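Examination of the molecular architecture
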Amino acid sequence: MNPALNKLQPYPFERLRTLLAGAQPPADLSWIAMYIGEPRHPAPPFVIDALTHNMQGLGSYPLTAGIPQLRESIANWLTRRFELPAGSMSPETMVIPVNGTREALFAFVQAMTNSSKQPLLVMPNPFYQIYEGAALLAGAEPYFMPNDAAHSALPDLDSVPADVWKRCQILFLCSPSNPTGAVASIEYLQHALQLAERYDFIVASDECYSEIYFDEAKPPAGLLQAAAAAGNTSYERCIVFHSLSKRSSVPGLRSGFVAGDAKLIKPFLLYRTYHGSAMPPPVQFASIAAWNDEAHVLENRNLYRQKFGAVLPILREVMPVDMPEAAFYLWPEVDNDERFTRELFELQHITLLPGSYIARPMPDGTNPGRGRVRISLVAKVPECIEAASRIREFVKSRT
């Protein structure tokens, strides 16, 4: 057995199940799940049609690189969405379709980490637990940067010592952030790339929430966009991860892509050829339909706007909550995140996620997620309003 498996911590949802074990919520209240970032808006009908109309593709093995039409639709979407120079994003050498960003993030780390050089993988804290698990199983040490309010809910890159950057092989960024919803500016992303050039590491940008934002005139910037604006149109040291799960409300489709520096994509494709993770042909055609359409994405954002607009006034009566820049989470402070989560479940049949479960203690002993809960506004609008009302009642009952 790989001894690194012993270093893995229980997944947040496993810890949550343990926390809630034995609790008896009221039988007359329906369960409202707000702990997981699983979109529950209806899947776009035209995506389902594209999936079902291409079932004949199940009769052949798919190529790991995906069909040319899919890579081209992805390259075109990246160029449109992030205003990249025409022709700079090659669908042949800079794009690989993947079965969701979760497996791609993990696989990329295994392919790119040189374990013989005492590698560090630098990542935000709180964070998506795949970053840490991928690092540990690749023989690397995770280094955590707190993304707290003091740094505008993004990691402070300048707080990282030079000796850490010298050992860094991959810097993980997540913008828009899970769980804070903070968005990295072009300048922030360019600063990360300057550090990468100075210290010779890869910047891996998890951008799966990039299409859930609330100011149509100001969509979140992306790493490729920042690189191009600085004249780096070969996207050297840049890798981005995107998914249809949040953008198109199709988490079960397991469809996303990795794009960026052709010198990194080539060996990653080689790794994936052995890894055996090609996307099924019907999913590829459904993905083409999704990446080629923006109308359904705008409708999706409008639903999230409605939810935030309805929920925030209710919750603000009893707790400090702010509208995030992007994504679909609230990240409020509470007195004790575990106790708050269990008692809310017991009394109101609502499941949230303790913030400490998606963060790690820093060297000074502080956990940047402790004393916060992540509230995921993925349910339908009426259900989110009902949940907010129950949370308000619960908090009032404790004061």
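Rules of the game
Residues numbered from 1 in each chain as written. Predicted model: local features only at pLDDT ≥ 70, side-chain atom pairs only at ≥ 80, totals over all residues. Heavy atoms only, no water. Pairing = 2+ DSSP bridges. Helix = DSSP H or I, 4+ residues; strand = E, 2+ residues; numbered from the N terminus. Salt bridge = Lys/Arg side-chain N within 4 Å of Asp/Glu carboxyl O. Buried < 20%, exposed > 50% of the residue type's maximum accessible area, 1.4 Å probe, protein only. Axes fitted to C-alpha atoms, helices over the stretch in contact; angles between N-to-C directions. Contact = heavy atoms within 4.5 Å. 1 Å grid on protein atoms, 1.4 Å probe; cavity = no way out; pocket = protein on both sides within 12 Å on 5 of 7 lines; lining within 4 Å. Points joined across faces, edges and corners; volume = space filled by probe spheres on them. Core = buried A, V, L, I, M, F, W, Y, C linked by side-chain atoms within 4.5 Å. Phe/Tyr/Trp six-rings, centres within 6.5 Å; stacked < 30°, edge-to-face > 60°. Polar contact = N/O pair within 3.5 Å; in protein donor to acceptor, adjacent residues only side chain to side chain. Disulfide = S-S within 2.5 Å. Right-handed = clockwise from strand over helix to strand, strands pointing away.

Our next topic: the sheet that holds strand S9 (residues 329-330). Ordered in space as S9-S12-S11, the three strands form an open sheet in which the pairing is antiparallel. The sheet is open, and its two edges are formed by S9 and strand S11 (353-354), each paired on a single side.

Take the pattern of salt bridges next. Under the definition given, this model contains 17 salt bridges. Ionic pairing is found between glutamate 211 and arginine 81, a salt bridge with its closest N-O pair at 2.9 Å. Remark: arginine 81 occurs in helix H3 (residues 68-81) and glutamate 211 occurs in the loop between strand S6 (202-206) and helix H8 (223-229); sequence separation between them is 130 residues. In this structure, glutamate 211 and arginine 81 share a single accessibility class: buried. Sharing partners across several salt bridges, the network here consists of Asp335, Arg339, Glu343 and Arg398.

Across the sheet, which stays open at both edges, the seven strands sit in the order S2-S8-S7-S6-S5-S3-S4 with mixed pairing between neighbours. Bordering the open sheet on either side are strand S2 (95-98) and strand S4 (141-146), each of which pairs with just one other strand. Taking the axes of each pair of neighbouring strands and ignoring which way they run, one obtains an average angle of 20° across the sheet. Inspection of the sheet shows strand S3 (residues 120-125) paired to S4 by six bridges, in the parallel sense. Bridging from a neighbouring strand, leucine 121 pairs with proline 142 of S4. Of the strands in this sheet, S2, strand S7 (238-243) and strand S8 (256-260) are in contact with H3, which crosses S2 at around 110°.

What follows covers the environment of proline 97. With respect to the secondary-structure elements, proline 97 resides in strand S2. With relative accessibility at 1%, the residue proline 97 sits in the buried group. Each C-alpha atom of the pair proline 97 and phenylalanine 328 lies 25 Å from the other, and the pair is 231 residues apart in sequence. Residues contacting proline 97, with those up to four places away along its chain left out, are Thr64, Ala65, Gly66, Leu70, Arg71, Gly256, Phe257, Arg272 and Met279.

Per the counting criterion, the structure on display carries one cavity of 30 Å³ or more. Residue lining of the largest cavity: Pro124, Asn147, Leu154, Pro155, Leu173, Cys174, Ser175, Ala184 and Tyr188, and that is the complete set.

Further remarks concern the nonpolar core. In this structure, Leu78, Met89, Leu157, Trp165, Leu171, Phe201 and Tyr235 are the most contacted members of the largest nonpolar core, which totals 56 residues. If one sorts the elements of this core by residue count, helix H7 (residues 186-199) sits on top with seven residues. Those residues within four positions of leucine 78 in sequence are excluded, and the remaining contacts are Glu83, Leu84, Met89, Leu224, His242, Phe257 and Ala259. The next biggest cluster of nonpolar side chains, apart from the first, holds 34 residues, and it includes Ile212, Phe340, Leu352 and Ala379.

Bringing the pairing of strand S12 (residues 373-376) into the picture now. Both faces of S12 are covered, namely the face carrying Val373 and Ile375 and the face carrying Arg374 and Ser376. Inspection of the sheet shows S9 paired to S12 by two bridges, in the antiparallel sense. When the bridges of S12 are listed, tyrosine 329 appears paired with serine 376. The sheet contact formed by S11 and S12 spans two bridges and is antiparallel. Paired with proline 354 across the bridge in S12 is valine 373.

This model, assessed by the stated rule, comprises 19 aromatic pairs. Each member of the aromatic cluster is reached from another via a ring pair, and the members are Tyr11, Phe13, Trp31 and Tyr35.

What follows covers the side chain of serine 248. Of note, serine 248 is situated in the loop between helix H9 (244-247) and S8. Take serine 248: its relative accessible area is 2%, and that puts it in the buried class. Reaching out from serine 248, the side chain makes a polar contact with the side chain of arginine 247 at a distance of 3.3 Å. The residues touching serine 248, leaving out its near neighbours within four places in the chain, are Pro44, Ala290 and His296.

Moving on: unusual backbone geometry. With an omega dihedral of -5°, the bond running from serine 175 to proline 176 counts as a cis peptide bond. As for its placement among the helices and strands, proline 176 is situated in the loop between strand S5 (168-174) and H7. Residue proline 179 is reached from asparagine 178 by a cis peptide bond, and omega for that bond is 20°. Relative to the helices and strands, proline 179 resides in the loop between S5 and H7.

This part takes up the state of the cysteines. As used in these notes, a disulfide is a covalent bond between sulfur atoms, one from each of two cysteines. All chains considered together, the criterion is met by zero disulfides. Free of any disulfide, cysteine 168 has its nearest neighbouring cysteine sulfur in cysteine 238, separated by 14 Å. Judged by relative accessible area, cysteine 168 falls into the buried class, the value being 3%. There is no disulfide at cysteine 208, and the cysteine sulfur nearest it, in cysteine 174, is 6.0 Å away.

This next bit is on the pairing of S7. It is a general feature of regular strands that their side chains alternate between the two faces of the sheet. For S7, a buried count of six out of six residues is recorded, marking the element as mostly surrounded by other parts of the structure. On S7, burial covers both faces: Cys238, Val240 and His242 on one face and Ile239, Phe241 and Ser243 on the other are all buried. In this region the chain leaves S6, passes through H8 and returns to the parallel neighbour S7; the handedness of that crossover is right-handed. By the bridge criterion, five bridges tie S7 to S8 in an arrangement that is antiparallel. Among the inter-strand pairings, histidine 242 is bridged to a residue of S8, identified as phenylalanine 257.

So yeah, pure geometry; function would need other evidence.
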